[in-house]
Amino acid sequence: MTETRSYPRHLKTDAGDVEFRMMARADEAAVLDFAKNLPTHDLLFLPRNISQPKVLSAWINEIERGDITSLIAVKDGIVVGCGTLVRDPRSWSPHVGEIRMVVSLDVRGQGVGRALSQETFALALCAGLEKLSVQMTVDQQAAIALFESLGFKAEALLRDHVQDVGGKKHDIVVLGHNVAQVQSQLEAYGLPGAVQH
């Protein structure tokens, strides 16, 4: 697919008007503040601790190289969410993308996470990806339910896969979405417009 989405986009949520835009180096300090205010537990399903300046700087470098795409949600000038699409066109899985998403405690349950996940999902569709995955700790029930509502299904449970700063280990659940299969099923049933972006 060659279609692209234009940003910034403004969406009304229960938390108020939220701007969704591509993350850039100019956002580094604001994103670091956002990451530092997240509960540590929320950072566990990310491969690296984004509340560390070195990690965040490397993340921006990856965005600038085009290896990852990150959207930020901004409310009243403050970053309240981040959705990232990670893919590796040089790997054996160039058709697969991973969605990583974190949302501020202040706006949870107010539609920001839903809008951010839908925007990130749309970016994946625009990139022509055939399969998507997302992972989180098993106790993140609201996040799991959100992705299940988008058509993701549990595919794997990784026991004791991450360790928090206190040394406690946590299980990770991996959810997958076979975009190509769902799209072809919808077309077979005469609903090609059902997966619009």
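Right above here is the structure, for reference.
Residues numbered from 1 in each chain as written. Predicted model: local features only at pLDDT ≥ 70, side-chain atom pairs only at ≥ 80, totals over all residues. Heavy atoms only, no water.

(A) Spatial organisation of the nonpolar core. With 57 residues, the main nonpolar core has M23, W59, L132, F147 and F152 as its most contacted residues. A total of seven residues in this core trace back to one element, the largest contributor, which is helix α4 (residues 112-126). Non-local contacts of F152, meaning those with residues more than four positions away in its chain, are made with I99, F121, L132, S133, V134, F147, L175, G176 and H177. (Core = buried A, V, L, I, M, F, W, Y, C linked by side-chain atoms within 4.5 Å. Buried < 20%, exposed > 50% of the residue type's maximum accessible area, 1.4 Å probe, protein only. Helix = DSSP H or I, 4+ residues; strand = E, 2+ residues; numbered from the N terminus. Contact = heavy atoms within 4.5 Å.)

(B) Fine view of the pattern of salt bridges. In total, this model carries 14 salt bridges according to the counting rule given. In this structure, R90 engages D67 in a salt bridge whose closest nitrogen and oxygen atoms are separated by 3.4 Å. With R90 in the loop between β4 (78-86) and β5 (96-103) and D67 in the loop between α3 (53-65) and β3 (68-75), this pair connects stretches of sequence that are 23 residues apart. A residue is classified by how much of its surface remains accessible, and D67, at 19% relative accessible area, is buried. Residues participating in the shared-partner salt-bridge network are E19, R21 and D27. (Salt bridge = Lys/Arg side-chain N within 4 Å of Asp/Glu carboxyl O.)

(C) The arrangement of the packing of helix α1 (residues 28-36) against α3 in detail. In the contact formed by α1 and α3, the axes pass within 10 Å of each other and the chain directions differ by 130 degrees. Looking at the two axes, α1 sits oblique to α3. For the element pair α1 and α3, the recorded crossing hand is right-handed. Each of E28, V31 and L32 in α1 lies in contact with α3, whose residues at this interface are P53, L56, S57, W59 and I60. Residue composition of the contact of α1 with α3, by class: six nonpolar, one polar and one charged. (Axes fitted to C-alpha atoms, helices over the stretch in contact; angles between N-to-C directions. Parallel < 35°, antiparallel > 145°, perpendicular 65-115°, else oblique. Left-handed = near helix turned anticlockwise from the far one by under 90°. Nonpolar A, V, L, I, M, F, W, Y, C, P; charged D, E, K, R; others polar.)

(D) Just the state of the cysteines, in detail. Scanning the model with the defined rule gives zero disulfides in all. In this structure C82 is not part of a disulfide, and its nearest cysteine sulfur, from C126, lies 18 Å away. (Disulfide = S-S within 2.5 Å.)

(E) Local environment of the packing of aromatic side chains. Per the counting criterion, the structure on display carries two aromatic pairs. Plain terms: the ring middles of F121 and F152 are 6.1 Å apart, the flat faces sit at 65 degrees to each other, and that makes the pair edge-to-face. Pair noted here: F121 is in helix α4 and F152 is in the loop between α5 (141-149) and β7 (153-163), with a separation of 31 residues, a long-range link. Taking the relative accessible area as the measure of exposure, F152 reaches 2% and is therefore buried. Across the ring face of Y7, the terminal group of R9 is positioned such that the distance to the ring centre comes to 5.8 Å. (Phe/Tyr/Trp six-rings, centres within 6.5 Å; stacked < 30°, edge-to-face > 60°. Lys NZ or Arg CZ within 6 Å of the ring centre and 35° of its normal.)

(F) Up close: the sheet that holds β3. Spatial strand order, β1-β2-β3-β4-β5-β6-β8-β7: eight strands in an open sheet with mixed pairing. Both edges of this open sheet fall to β1 (9-13) and β7, since each of them pairs with a single strand only. When strand polarity is set aside, the average angle formed by the axes of neighbouring strands in this sheet is 25 degrees. By the bridge criterion, four bridges tie strand β2 (residues 16-22) to β3 in an arrangement that is antiparallel. (Pairing = 2+ DSSP bridges.)

(G) Here's a closer look at the environment of L116. With respect to the element layout, L116 can be found in helix α4. Separated by 34 residues in sequence, L116 and C82 have C-alpha atoms that sit 7.4 Å apart. Apart from residues lying up to four places away in sequence, L116 is in contact with F20, L71, G81, C82, G83, M101, V102 and V103.

(H) Seen up close, α5. All of the buried residues in α5 are I144, L146 and F147. Projected down its long axis, α5 shows its buried positions confined to an angular sector of 160 degrees, all on one face. What points out from α5, more than 90 degrees from its buried face, is the exposed set Q141 and A142. Looking at the packing, one finds that the buried side of α5 touches β5, α4, β6 (131-137) and β8 (169-178). (Arc of directions from axis to C-beta.)

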